[in-house]
Amino acid sequence: QVQLVESGGGLVQAGGSLRLSCAASGSIFSINSMGWYRQAPGKQRELVADIRDGSSTNYADSVKGRFTISRDNAKNTVYLQMNSLKPEDTAVYYCNVRLINLDNYWGQGTQVTVSS
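Residues numbered from 1 in each chain as written. Predicted model: local features only at pLDDT ≥ 70, side-chain atom pairs only at ≥ 80, totals over all residues. Heavy atoms only, no water.

A. Fine view of the environment of Lys 86. Looking at where Lys 86 falls in the secondary structure, it is placed in the loop between strand 8 (77-82) and strand 9 (91-99). By relative accessible area, which is 35% here, Lys 86 ends up partly exposed. When the C-alpha atoms of Lys 86 and Pro 41 are compared, they prove to be 16 Å apart, with 45 residues separating the residues in sequence. Ignoring sequence-local partners within four residues, the contact set of Lys 86 consists of Arg 66 and Val 114. (Helix = DSSP H or I, 4+ residues; strand = E, 2+ residues; numbered from the N terminus. Buried < 20%, exposed > 50% of the residue type's maximum accessible area, 1.4 Å probe, protein only. Contact = heavy atoms within 4.5 Å.)

Below, the structure is given as structure tokens:
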């Protein structure tokens with residue numbers, strides 16, 4: 001079992017920055033990947049970025065060059081630094097952890113709202 005606690009969402013103007021954090025506890029030794037997904041109203045949940053093996057990263061095309069995912073193994077925490085935010089980045093952002101046995105865990109979600 002893995003428990004996830006997210007923080008860092010909020011309201012920001014277009015062009016601004018936010019940093020999301022997700023602290024994991026529980027079966028930390030069995031994590032395969034950590035990542036962030038988002039879901040906007042009326043849309044499907046989509047991958048924003050993930051990090052595997054502690055360093056290999058993957059980004060959605062829409063956020064490349066603006067968002068950076070990182071992981072602090074000592075704190076069992078994954079971060080999403082979001083710069084140059086756009087109104088279309090507005091969504092609920094969910095932390096995701098996938099274990100080596102392919103079990104998936106989700107955070108409670110944190111709202112990010114970007115005003116134009």
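B. Expanded view of the state of the cysteines. Throughout the structure, instances matching the rule amount to one disulfide. Disulfide partner of Cys 22: Cys 95, at an S-S distance of 2.1 Å. Here the disulfide of Cys 22 and Cys 95 is left-handed, its torsion about the S-S bond being about -80°. Note that Cys 22 is positioned in strand 3 (residues 18-26) and Cys 95 in strand 9, a separation of 73 residues in sequence. An identical accessibility class is assigned to Cys 22 and Cys 95; each is buried. (Disulfide = S-S within 2.5 Å.)

C. Representation of the pattern of salt bridges. This model, assessed by the stated rule, comprises five salt bridges. Measuring nitrogen to oxygen at the nearest pair gives 2.8 Å for the salt bridge that ties Arg 38 to Glu 46. For Arg 38, a relative accessible area of 7% gives the class buried. Among the ionic pairs, Arg 66 bridges to Asp 89, the shortest N-O distance being 2.7 Å. You can see Arg 66 sitting in the loop between strand 6 (56-59) and strand 7 (67-72) and its partner Asp 89 sitting in the loop between strand 8 and strand 9, a full 23 residues away along the chain. (Salt bridge = Lys/Arg side-chain N within 4 Å of Asp/Glu carboxyl O.)

D. Local environment of the pairing of strand 5 (residues 46-52). Across six bridges, the pairing between strand 4 (residues 31-39) and strand 5 is antiparallel. Residue Ser 33 lies in a different strand from strand 5, and its bridge partner there is Arg 52. Linking strand 4 back to strand 5 in an antiparallel pair, the connection comprises six residues, with Gly 42 at a positive phi of about 80°. Bridge count between strand 5 and strand 6: four bridges; the pairing is antiparallel. (Pairing = 2+ DSSP bridges.)

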